[in-house]
Amino acid sequence: MNSAKTRRKIAPAAAENGDSADKLDQLLLSSAVCNGEDLGPFIRKAFASGKPETLLHHLRHFARSKESEIEEVCKAHYQDFILAVDDLRSLLSDVDSLKSSLSDSNSKLQSVGAPLLSSLDAFVEARNISRNVSLALESVSTCVRLMELCSRSNHHLKNNNLYMALKCVDSLEADFLKKTPPSSTLKRMLEKKIPEIRSHIERKVSKEFGDWLVEIRVVSRNLGQLAIGQASSARQREEDLRIKQRQAEEQSRLSLRDCVYALEEEDDDGLSGGGVGDDSNGGGGILGFDLTPLYKAYHIHQTLGLEDRFKQYYFENRKLQLTSDFQVSSMTPFLESHQTFFAQIAGFFIVEDRVLRTGGGLISKMEVENLWETAVSKMCSVLEDQFSRMQTANHLLLIKDYVSLLGVTLRRYGYPVDALLDVLSKHRDKYHELLLSDCRKHIAEALAADKFEQMLMKKEYEYSMNVLSFQIQTSDIIPAFPYVAPFSSTVPDCCRIVRSFIEDSVSFMSYGGQLDFYDVVKKYLDRLLGEVLDGALLKLINSSIHGVAQAMQVAANMAVLERACDFFFRHAAQLSGIPLRMAERGRRQFPLGKARDAAEEMLSGLLKTKVDGFMTLIENVNWMADDPSQSGNEYVNEVIIYLETLVSTAQQILPAPVLKRVLQDVLSHISEKIVGSLYGDSVKRFNVNAVIGLDVDVRILESFADNQAPLFSDEDANQLKLALSEARQLINLLLSNHPENFLNPVIRERSYNALDYRKVITISEKLRDQSDRLFGTFGSRGARQNPKKKSLDVLIKRLRDVS
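Residues numbered from 1 in each chain as written. Predicted model: local features only at pLDDT ≥ 70, side-chain atom pairs only at ≥ 80, totals over all residues. Heavy atoms only, no water.

(A) Representation of the overall build of the protein. Helices and strands together make up the secondary structure of the protein, namely 26 helices and 2 strands. The burial tally for the protein puts 40% of its 803 residues in the buried class. Just so you have it, the protein exposes about 44600 Å², and 52% of that area is on carbon and sulfur atoms. (Helix = DSSP H or I, 4+ residues; strand = E, 2+ residues; numbered from the N terminus. Buried < 20%, exposed > 50% of the residue type's maximum accessible area, 1.4 Å probe, protein only. Areas by Shrake-Rupley, 256 points an atom, 1.4 Å probe, with all protein chains shown as cover.)

So this is what it looks like as structure tokens:
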């Protein structure tokens, strides 16, 4: 078939020879129709001009013109159309034959393919069934494993094995959640339950952790008390070891041959290791110090991916617990609650030390150090506040001891405690002032209760408790019982007070970071002895002594206290851990010297008063006697009887040096009274016989002094005689044949050094005697004077010139 011809585009023909407008319009209309242009303008123009018939005429004319063209075109394509019809008829015949052939082939194919199609359908069905069965088996296997994991997860949840349950949930999510069909019930169940199980595990482990936080506070308090108790036991063992060492040193100092230097240290009860309740697994200590719930919670949160949040949560909760531990109850005295307060803090940091070492990074060293700095600051503040309020030394000592034990305990775990020790050292002076105040009150009570009677001890333990324990015995031989001590009850009472002061002072100074504190202890011991005890004894002596027996007992007590003071300084040195030779090297004079001197002065004064009563009998002496007395005057016999009675009594309680000093003072007083009688206005004149009688009196007194030789050494007995020097030298001068020797400085210094020349002048003028003694010329002014007597007058004149 030939292709259709392309449609021609007809251009309007040019107007010939100036056709009219009607002809032009016809051409324009024809051209527009041929070109397919819009005919609207032509139609509007025709109706506007009122000539639609013209337009219609033109269109008809155009149609007639085109009919001829159509006819020509049809004529041109008619042959081609005939040929195409012929071809179609030929094709129709071929199609009929093809259809018949296809029908035959289809019949044959159907007859052959029907059995094959049946087999194929059966195969496809069998294969689908097989595939469905495989999928079902695979799904069943997956479901079995899924359900097994779910069962295991439920089992672990039931048995509180939260980590294993969480691992099962992770396996469910990783291995089965994506493989489960989106629309299946199992998938919906897993998508719903897995977050719920994780949330349940988190809540459960958080609850267990919260319970542990509550429990650990009680455990921490008990743990702190146990740790501090073990530190106290270790300190006591150290004290016992030092006591044994001091005993060994004493033994070696006394007898090197018998010394056995074998000191053994005891075990530390495990304190040298990791501390109280140490357990490498982090749980199960002596007090149930179990960190398993903590580490379990930490591990679970790590598995949940919440590690940082849990670390922060743990630190904040522990910090809040520590802050609450800092609260000091105003309802309970700090003295009663301080052990719980410090034990709670100690247990807290023992736990934190374990968590730091075994927690796997749960808490950092910096965080623990920050907590410790906060705790130290708060404890120092509490101690400053409480110490400033306390007015009892024993209370300060109790708290100081416990704080020092706290320091020892926490230093084992590496915590710095210098700030706490500085607070203790800062209140050292206040403690000792309070201690001195307490001792002042106790000493005053002990002295007020003293009956000034010798102490009776019926049993050996009483002797050991009151004598040996203070080393105031004068012999190493145990006396027979009942034993009457030379001192009264005030001596051991005061010794106990002083010893307690030393031990309390050493206890406060010990374990306070200061190694050498003997000088501090000694300083306050000097104050106790020199200010408190000496002052109390002085007050007692000046206000409560009213008799010789009381004064003698106080003087005896002072002698015993002098030995006790040596023990006090040795005891302080031993407790302070310094060699005794250093303490003895630095020993000063007797700290109770004022009281001792006052006691002896009081005793001497009372004895002098007693002696003065007998010395009044000197007024009965016949100063102008015709014959000298051969047996002594009455006063001296009374004095000797009293002195002998006094010595027999005093030697039972007074030490020989004290008795010697008192007797020496009394004899010196008697000598002064004898000279004073001659010098005083009561004696207007006397003769040589009276002087000879006085010489007998002095000889009796000197004989008394010589008779005391068994009690004293020869030198001490000679010193007793020297107490009578003034009376003896005066009598020797009055009886001398060469009185002018008194003017010789050498002789005067050797033989008359105790005499006052003014008294010599006055007494010599009273001597009225006409004997041939040269000294008699001092008093015989009216007699005829020989040259020697003139020289004596010159001597008296020279003595007057000197005066």
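Once you've had a look at it, read on.
(B) Spatial organisation of the pattern of salt bridges. Taken as a whole, this structure holds 24 salt bridges when the rule is applied. Across the pair K522 and D526 runs a salt bridge, and its minimum N-O distance is 3.3 Å. With K522 and D526 both in helix α15 (residues 518-544), this residue pair falls 4 residues apart, about one helical turn. It is possible to trace a salt-bridge network through shared partners that takes in D695, R699, E702 and R728. (Salt bridge = Lys/Arg side-chain N within 4 Å of Asp/Glu carboxyl O.)

(C) Just the packing of helix α20 (residues 656-679) against helix α21 (residues 688-707), in detail. Their axes nearest at 12 Å, the elements α20 and α21 cross at an angle of 180°. Relative to α21, the element α20 lies roughly antiparallel. Across the interface between the two elements, L663, L667, I670, I674 and L678 of α20 pack against L694, V698, L701, F704 and A705 of α21. Residues that form the contact of α20 with α21 fall into these classes: 10 nonpolar, no polar and no charged. (Axes fitted to C-alpha atoms, helices over the stretch in contact; angles between N-to-C directions. Parallel < 35°, antiparallel > 145°, perpendicular 65-115°, else oblique. Contact = heavy atoms within 4.5 Å. Nonpolar A, V, L, I, M, F, W, Y, C, P; charged D, E, K, R; others polar.)

(D) Layout of a nonpolar patch on the surface. A grouping of L88, L91 and V95 is seen on the molecular surface, where their side chains present a nonpolar patch of about 280 Å² in accessible area. Structurally, the position occupied by L88 is in helix α3 (residues 52-158). (Patch = residues over 30% accessible without salt bridge, like charges linked within 9 Å, V, L, I, M, F, W, Y side chains within 5 Å.)

(E) Just the packing of aromatic side chains, in detail. Evaluated as defined, the whole model comprises 14 aromatic pairs. Seen from their ring centres, F341 and F342 are 5.0 Å apart, and the 75° between their planes marks the pair as edge-to-face. An identical accessibility class is assigned to F341 and F342; each is buried. Between Y463 and Y483, the aromatic rings sit 5.5 Å apart at their centres with planes inclined by 85°, giving edge-to-face as the arrangement. Highlighted residues: Y463 in helix α13 (residues 460-466) and Y483 in strand β2 (residues 483-484), separated in sequence by 20 residues. The exposure class of Y483 is partly exposed, given its relative accessible area of 21%. Among the aromatic residues, those joined into a ring-pair cluster are F348, F349, W372 and Y415. Note that K400 overlies the ring of F508, its terminal NZ or CZ placed 5.8 Å from the centroid. (Phe/Tyr/Trp six-rings, centres within 6.5 Å; stacked < 30°, edge-to-face > 60°. Lys NZ or Arg CZ within 6 Å of the ring centre and 35° of its normal.)

(F) Representation of the confidence of the model for the protein within the structure. With 83% of its residues at a pLDDT of at least 70, the protein reaches an overall mean of 77. For residues 253-274, every residue scores under 50 in pLDDT, and the model assigns this stretch 28 contacts once sequence neighbours within four places are set aside. (pLDDT = per-residue confidence, 0-100.)

(G) Region of the structure containing unusual backbone geometry. Following F481, the chain continues into P482 via a peptide bond in cis, with omega recorded as 5°. Positionally, P482 belongs in the loop between α13 and β2.

(H) Just the environment of V658, in detail. Note that V658 resides in helix α20. Non-local contacts of V658, meaning those with residues more than four positions away in its chain, are made with A555, A559 and E600.

(I) Seen up close, the packing of α21 against helix α23 (residues 725-734). Relative orientation of the contacting elements α21 and α23 amounts to 145°, with a least axis distance of 10 Å. Crossing handedness for the pair α21 and α23: left-handed. Two secondary-structure elements touch here, α21 through V691, L694, D695, V698, R699 and E702 and α23 through A727, R728, I731 and L734. Grouping the amino acids of the contact of α21 with α23 by side-chain chemistry returns 6 nonpolar, no polar and 4 charged. (Left-handed = near helix turned anticlockwise from the far one by under 90°.)

(J) Quick look at the environment of S206. Along the chain, S206 turns up in helix α5 (residues 185-254). For S206 and A297, which are 91 residues apart along the polypeptide, the C-alpha to C-alpha distance reads 6.8 Å.

(K) Spatial organisation of the environment of H571. Tracing the backbone shows H571 in helix α16 (residues 548-576). Look at H571 and you get buried, because its relative accessible area is 12%. For the pair H571 and R499, spaced 72 residues apart in sequence, the C-alpha separation works out to 8.0 Å. Apart from the residues lying within four places of it in its own chain, the contact partners of H571 are R499, I502 and E503.

(L) Region of interest: the side chain of R728. Mapped onto the elements, R728 comes out in helix α23. Since its relative accessible area comes to 12%, R728 is described here as buried. Within the structure, R728 has its side chain in polar contact with the side chain of D695 (distance 2.4 Å). A distance of 3.1 Å separates the side chain of R728 from the side chain of E702, its partner in a polar contact. What R728 contacts, discounting residues up to four positions off in sequence, is D695, V698, R699 and E702. (Polar contact = N/O pair within 3.5 Å; in protein donor to acceptor, adjacent residues only side chain to side chain.)

(M) How the structure looks around helix α7 (residues 307-325). With 19 residues, α7 should cover 27 Å at 1.5 Å per step; its first-to-last C-alpha distance of 27 Å lies within 8% of that length. Among all positions in α7, only F310, Y314, F315, R318, Q321, L322 and D325 are buried. Looking straight down α7, one finds its buried side chains confined to an arc of 130°; they lie on one side. Opposite the packed face of α7, turned more than 90 degrees from it, sit the exposed residues D308 and L320. (Expected span 1.5 Å × (residues − 1). Arc of directions from axis to C-beta.)

(N) Representation of helix α10 (residues 393-411). For α10, spanning 19 residues, the distance from its first C-alpha to its last is 26 Å, which sits close to the expected 27 Å at 1.5 Å a residue. In terms of residue burial, α10 counts as a mostly covered element, since 14 of its 19 residues are buried.

(O) Region of interest: the state of the cysteines. Counted by the stated rule, this structure contains 0 disulfides. Looking at the unpaired C494, the closest cysteine sulfur is the one in C495, lying at 7.2 Å. We classify C494 as buried; its relative accessible area is 1%. (Disulfide = S-S within 2.5 Å.)

(P) Structural context of the side chain of N689. Here N689 lies in helix α21. Once you skip the residues sitting within four places of it in the chain, N689 turns out to touch A625, D626, D627 and P628.

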